[in-house]
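Per-entry structural report
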Amino acid sequence: YGSFIDDLRVYVRGGTGGMGYPRLGGEGGRGGDVWFIARERITLKGIKEKYPHKRFVAGTGANSSVKALKGEKGKDCEVHVPPGISLLLDDGKQIGELNAAGERFLAARGGLGGSLATNFLPCKGQKRIIHLDLKLIADVGLVGFPNAGKSSLLSKISHAKPEIASYAFTTIQPELGKIIYPDYKQVSVADLPGLIEGAHVNRGRGHKFLKHVERTKQLLLVVDISGFQLSIKTQFRTPFETILLLTKELELYKEELVTKPALLAINKMDLPCAKDNLNELMSQLQNPQDFLHLLEEEMIPANTLQFKEVIPISTYTGEGIEELKAYIRKSIYEEAERENEEYRKNKLLLLQTSQ
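Below is a summary of the structure that appears in this document.

Conventions and cut-offs
- Residues numbered from 1 in each chain as written.
- Predicted model: local features only at pLDDT ≥ 70, side-chain atom pairs only at ≥ 80, totals over all residues.
- Heavy atoms only, no water.
- Helix = DSSP H or I, 4+ residues; strand = E, 2+ residues; numbered from the N terminus.
- Buried < 20%, exposed > 50% of the residue type's maximum accessible area, 1.4 Å probe, protein only.
- Contact = heavy atoms within 4.5 Å.
- Areas by Shrake-Rupley, 256 points an atom, 1.4 Å probe, with all protein chains shown as cover.
- Expected span 1.5 Å × (residues − 1).
- Pairing = 2+ DSSP bridges.
- Axes fitted to C-alpha atoms, helices over the stretch in contact; angles between N-to-C directions.

Moving on to the overall build of the protein. Looking only at helices and strands, the protein features six helices and 14 strands. Looking at the protein as a whole, 46% of its 355 residues are labelled buried. Expressed as a percentage of contacts within the protein between residues at least 6 apart in sequence, the contacts between residues at least 24 apart total 72%. Accessible surface computed for the protein: about 19,000 Å², of which carbon and sulfur atoms make up 52%.

In structure tokens, the structure reads:
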């Protein structure tokens, strides 16, 4: 993953409360709290560089005194984190998430100040280890084996400038780009590191890839029309086999991923024999059950992905790029309308049952 960080383990501790004042029944101030607050343009790498010890401790509450019987609360510690963060404990249990800028999460509560109930002795603040687990939030996630042309496609359809080379595993960290349409409507697209067979069991850092797919609203599979072979030691896969293998990897990691709305971009249509390969692929996609015998049984997914559109493209010549952008927008719009309709129906149902 190079210098990209998508998981950071930090120590948080709420502030200790202030001392009470027994003679006059004074209460010490509560310790400060530790808050995580989502902010744009923040990265986990930036947090690690700014706070190398990865410790966040809130201020101590003020002691009670003759001048101020009720001590002041300790200063809160506010930690700015990127949106798209899941907050996990060491055992993997999720305790919260921050999906949009401005959202806040109470990570560690401050201790109570000394009072009659505590024999005027202060309490210590809450302390724990928290994993900040980043999952990119994007409208569309590009899914494909290495060298399918995802980075080239992202640079063609958006303002992102990913590094592009002619060998496998060129993308070693997620790239986020935005398609900006003439009417200024924007759609965010994430190019995620290339999957390989066995990604669901974390081969090739598969889990680091697949967890980012979870947060995308829709999938855009990018497949090389000439097929795929990772190396001379691995088996050659036809475009149809590639689609089934990608589906299987998504399904094995988390079944819900296969239910996401999906588009299919068939790349490298500028190559010789591309049209013949496309005709063969289209007939296979129309009746996938007739061709499943071509694959080993353990590689066949339980459910095949249902593509809303299949778009032949070439990132080299620019063929089909504008059509793809239009289909992406249409798909996002249709899905938003469907969600709004469901929301309206649920509201109406709640209203009717309450009456």
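Tracing the backbone shows Gln 284 in helix α5 (residues 274–286). By relative accessible area, which is 6% here, Gln 284 ends up buried. Apart from residues lying up to four places away in sequence, Gln 284 is in contact with Phe 240, Phe 291 and Leu 294.

Okay, helix α6 (residues 321–354) next. With 34 residues, α6 should reach 50 Å at 1.5 Å per residue; the first-to-last C-alpha distance of 50 Å fits that figure. Every buried residue of α6 is listed here: Ile 321, Leu 324, Lys 325, Ile 328, Ser 331, Ile 332 and Glu 335.

For the rest of this paragraph, the subject is helix α4 (residues 239–253). The end-to-end C-alpha separation of α4 is 22 Å, in line with the 21 Å expected for 15 residues at 1.5 Å each. Counting buried positions along α4 gives 13 out of 15 residues, so the element sits mostly inside the fold.

Right, let's talk about the sheet that holds strand β2 (residues 34–38) for a bit. Read across the open sheet, the three strands follow the order β4-β2-β7; overall the sheet is mixed. Taken across any chain shown, the strands that pair with only one partner, and hence form the sheet edges, are β4 (77–81) and β7 (104–108). On average, each strand axis in the sheet is tilted by 30° relative to the strand beside it, whichever way the strands run. Here four bridges tie β2 to β7, and the two strands are oriented antiparallel to one another.

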